[in-house]
Amino acid sequence: MTVKKGRSLAFLCVFVLLSMFSLILVVSGGYSETCVQQFASNTIYDYLFSKGGFDRFKGHVEYLTHLGINYSLVAGYEGNYLAAQFISEEMERIGFNSSFEEFTVYVPIDHGAKITILSSPKANASSQRNPIKAYSIWPNLVQNSPVNGLSAPLVYCGKGEWEDFDGKDVNGSIVLLDFDCSWKWKNAFQIGAKAVIFIGYETIRPNALEKILDIPLYMPRFYVVREDGEFLKELCSKGKVILRLDSSIKFEGKKLKNIKVEIEGRRLKDEYIVVAAHYDIFSVVPRIAPGATDNLGVASLIELARFLKLNPPDRSVILLFLSGHYGGAYPYIGGLYGARYFVENNFGMMSNIRLFMSVDLDAGSNIIGIYSYGMNYVHSPHVVVSTELGVGGGQPGAPIGIPNFDMRFNWITHKLVDYARTLQGWLGVEIAVDDVRFRAIPVYWEYPPFVLDSEPFTEACGQGGIGLRTTNTIRAYHGTPFDTMDSINFSNVETQILYVLSSVYNLGNEDNLPIYNFPTRFNRGESYGFSRVEGKVISWDIRKYSYTPVVNAFVVIKGMMKFSAILKTDQSGRFCVEGVQPGLLYEFSVFVLDEENGKILYSLEMDSRFGASRPEVTYHKTRAIDAEPLYVELPVFECASIYLYDLPTERSAALVGLQQQQLSGALTCSLNEFSTHTQPLMFGEILTSSTGTESIVFIPPNTPVELILKLRGHVLGLYVNASETSPYGFG
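Residues numbered from 1 in each chain as written. Predicted model: local features only at pLDDT ≥ 70, side-chain atom pairs only at ≥ 80, totals over all residues. Heavy atoms only, no water.

Caption draft 1: Expanded view of the packing of helix H10 (residues 410–427) against helix H12 (residues 494–508). Packing of H10 against H12 leaves a shortest axis separation of 10 Å and a crossing angle of 120°. By the criterion of interaxial angle, the relationship of H10 to H12 is oblique. The handedness of the crossing between H10 and H12 is right-handed. For the pair formed by H10 and H12, the contact residues are Ile412, Leu416, Val417, Tyr419, Ala420, Leu423 and Leu427 on the first element and Leu498, Tyr499, Ser502, Ser503, Asn506 and Leu507 on the second. Along the lines of polarity and charge, the residues of the contact of H10 with H12 split into 10 nonpolar, 3 polar and no charged. (Axes fitted to C-alpha atoms, helices over the stretch in contact; angles between N-to-C directions. Helix = DSSP H or I, 4+ residues; strand = E, 2+ residues; numbered from the N terminus. Parallel < 35°, antiparallel > 145°, perpendicular 65-115°, else oblique. Left-handed = near helix turned anticlockwise from the far one by under 90°. Contact = heavy atoms within 4.5 Å. Nonpolar A, V, L, I, M, F, W, Y, C, P; charged D, E, K, R; others polar.)

Caption draft 2: Quick look at the pattern of salt bridges. Counted under the stated rule, the structure contains 31 salt bridges. Of the charged contacts in the structure, one is a salt bridge between Lys184 and Glu161, with a shortest N-O distance of 2.8 Å. Note that Lys184 is positioned in the loop between strand S6 (174–178) and helix H5 (185–190) and Glu161 in the loop between strand S5 (148–156) and S6, a separation of 23 residues in sequence. The residue Arg354 makes a salt bridge to Glu271 at a minimum N-O spacing of 3.2 Å. Taken together, the residues span a long stretch of sequence, with Arg354 in strand S12 (residues 353–360) and Glu271 in strand S10 (residues 268–278) at a distance of 83 residues. Arg354 gets classed as buried once you look at its relative accessible area, which sits at 11%. A residue is classified by how much of its surface remains accessible, and Glu271, at 17% relative accessible area, is buried. A single salt-bridge network, built from bridges that share partners, covers Arg56, Glu90, Arg93, Glu303 and Arg306. (Salt bridge = Lys/Arg side-chain N within 4 Å of Asp/Glu carboxyl O. Buried < 20%, exposed > 50% of the residue type's maximum accessible area, 1.4 Å probe, protein only.)

Caption draft 3: How the structure looks around the state of the cysteines. All chains considered together, the criterion is met by 0 disulfides. We note that Cys157 lacks a disulfide partner, and the nearest cysteine sulfur, in Cys236, lies 8.6 Å from it. Residue classification places Cys157 among the buried residues on the basis of a relative accessible area of 1%. (Disulfide = S-S within 2.5 Å.)

Caption draft 4: Main features of the sheet that holds strand S27 (residues 640–644). Pairing is antiparallel across the open sheet formed by 3 strands, whose spatial order is S27-S31-S30. A single partner strand is all that each edge strand has here, and the edge strands are S27 and strand S30 (686–688). Mean inter-strand twist for the sheet, computed between neighbouring axes without regard to direction, equals 15°. (Pairing = 2+ DSSP bridges.)

Caption draft 5: View of H12. When the terminal C-alpha atoms of H12 are compared, their 22 Å separation across 15 residues agrees well with the 21 Å that a helix rising 1.5 Å per residue should span. Within H12, 15 of the 15 residues are buried, leaving the element largely enclosed by the surrounding structure. (Expected span 1.5 Å × (residues − 1).)

Caption draft 6: Spotlight on empty space enclosed by the protein. For the structure on display, the rule yields 6 cavities of 30 Å³ or more. Taken together, Tyr106, Val107, Pro108, Trp138, Pro139, Leu141, Phe251, Gly327, Gly328, Pro331 and Ile566 make up the lining of the second largest cavity. Among the elements that line the lining of the second largest cavity, the one with the most residues is strand S3 (residues 98–119), at 3 residues. Residues belonging to the lining of the second largest cavity are distributed by class as follows: 9 nonpolar, 2 polar and no charged. (1 Å grid on protein atoms, 1.4 Å probe; cavity = no way out; pocket = protein on both sides within 12 Å on 5 of 7 lines; lining within 4 Å. Points joined across faces, edges and corners; volume = space filled by probe spheres on them.)

Caption draft 7: Structural context of the packing of aromatic side chains. Taken as a whole and assessed by the stated rule, the structure comprises 27 aromatic pairs. Each ring, one from Trp540 and one from Tyr547, has its centre 5.2 Å from the other, and the planes form 70°; the classification is edge-to-face. On the basis of relative accessibility, which here comes to 18%, the residue Trp540 falls in the buried class. A centroid spacing of 5.5 Å and a plane angle of 85° characterise the contact between Phe563 and Tyr586, whose relative ring orientation is edge-to-face. One end of the pair, Phe563, is in the loop between strand S20 (554–559) and strand S21 (564–568); the other, Tyr586, is in strand S23 (residues 585–594), and 23 residues separate them in sequence. Take Phe563: its relative accessible area is 0%, and that puts it in the buried class. In textbook terms, an aromatic cluster arises when at least three aromatic residues are bridged by ring pairs, as seen for Tyr45, Phe49, Phe54, Phe57 and Phe490. (Phe/Tyr/Trp six-rings, centres within 6.5 Å; stacked < 30°, edge-to-face > 60°.)

Taken by themselves, the reported measurements are silent on function.
Structure follows, in structure tokens:
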């Protein structure tokens, strides 16, 4: 839509969407009588569309996207550091000084992968191509899946349908697939593939995200650009092709930066509004990360800085450019490392911040959503949890959430809607506002679940954080190598940036912001607070007859919602995570990897039959945050691992006679020693992916075991490694 001044509309349309609490307001008619809002409407419009502001905005998006294509904007990659430099230099050109907050995040760094054609029907053409550049797919949790000199035949199998494998020798081969094969690539590994290479055919985000699992299965996966992939595909059609694969991708602790720009208010110098956007992005192929969609938020803050330099507000404003938004156990959703670090680092001054506003724009829609919460914490008071730990107000079955949470946002939400009406009334510009603060967005409306950089502030204060996020869009190419400039419909962004700039300016000039924030570490009764978990990873040393600290262990923490973090223990075996929610349950997993070959050496010990022969250790994978800080000790044991593919689903369980009402529970698996049919002396986790179709089981090394698969207590089958010569199995 091209923004044009025109006559004011004289109607208000209200559309009810999906829920009685969900309103899309196309605001029009009437106008605020404050001179400030009138000034903002006209001045910001002229700034953007008459004085080059929107053209500069598009230039910022284009430059940042260029960095992502050539250097990657994923946190910790060269492009991310170049983006930080660009932002700082832009602030200096505008006339502002920047300050920095540094913190460490562990991210998968792709040091390069290559494909060498050892033999093929077109020897000359192959030698001219050698080596072909490849790119690692984002790891499965912490499993980097390295490949060192893997030589194997190459087999092309289309989109990974079972019929695509007919007549082809997949076992022990490298399989070439189309990138838009959805989850079917897993079929190749199930029948013995050593690695998978994806041809870079364009696809959208839901399809691309299915290339990543949330459990640490060793599954080497690579991406090649379309031209190279089609060359390999042609070779396969001519005859036998032998490849060698080499790759190096490792989780590394990278120093990231939050960039703070303080704009002093003319009158209310000690009252602050924080406006934040993140400048790191996520990509399924981390080395190819254009991030045009995410770059919209950063570019809008740069132009907001320029406008506020020309038109200083009464109230002080902090522009906050965050890194470390993505990552964690759900990397495509986000770990909010930068936003959490800002709250932790500025905890003492939080009461001076009247509002924390995050900006997350998309060009797939022109509708701005006003969000008081995302999916990082439980802020809705309607969630009920029943546990033996009594989570939620101290009583089993009590609701978790902040009392009167919705009411705490009434004033600011009404103001933000009023600002939209003012723009509509004075400029005749349709501003669509989706007031969605009372509900979670269905998966087909906002895919996948999302988190907001404002959430850690809200968690610390129980209020005060608002997200302005484009809604009614699936962000089709977000998180893929195809999120480039040509995927951006800038006509959908025009009214959004106009609204963002005017809202910030108007809030900065309100005579009174009746939002008073008082941070706390631990408010158990109301289930909010910025709590911490401190812990130590230990292992039993039989020679010393004591527990010893484990260094460089990955610690994965997951919350009830989509909170997650990946940490590494220090030289004392210790770790710490900030920003967990009081009263909620959090899960802990631990892995010690040999990152040269991807082997998991140690994992979390779930129980032991050593009894009194060892010092007492509490075995808790799941803990409630019932203290501040909560201290945990996580014991690990030397392990081997078993992969289970194509686990029974509810549909396949029904085929063996279970009724529908019996199929609502989770699939479970128990572990016994094969020879004794009793639990091993020690054993580890059984982790199942969120899709429910694959698991990894951690067992004592060199120990034959049997796995009993159950659904709601009903035995579905046994995994005993049976064969023709040993029909009862051998573990």
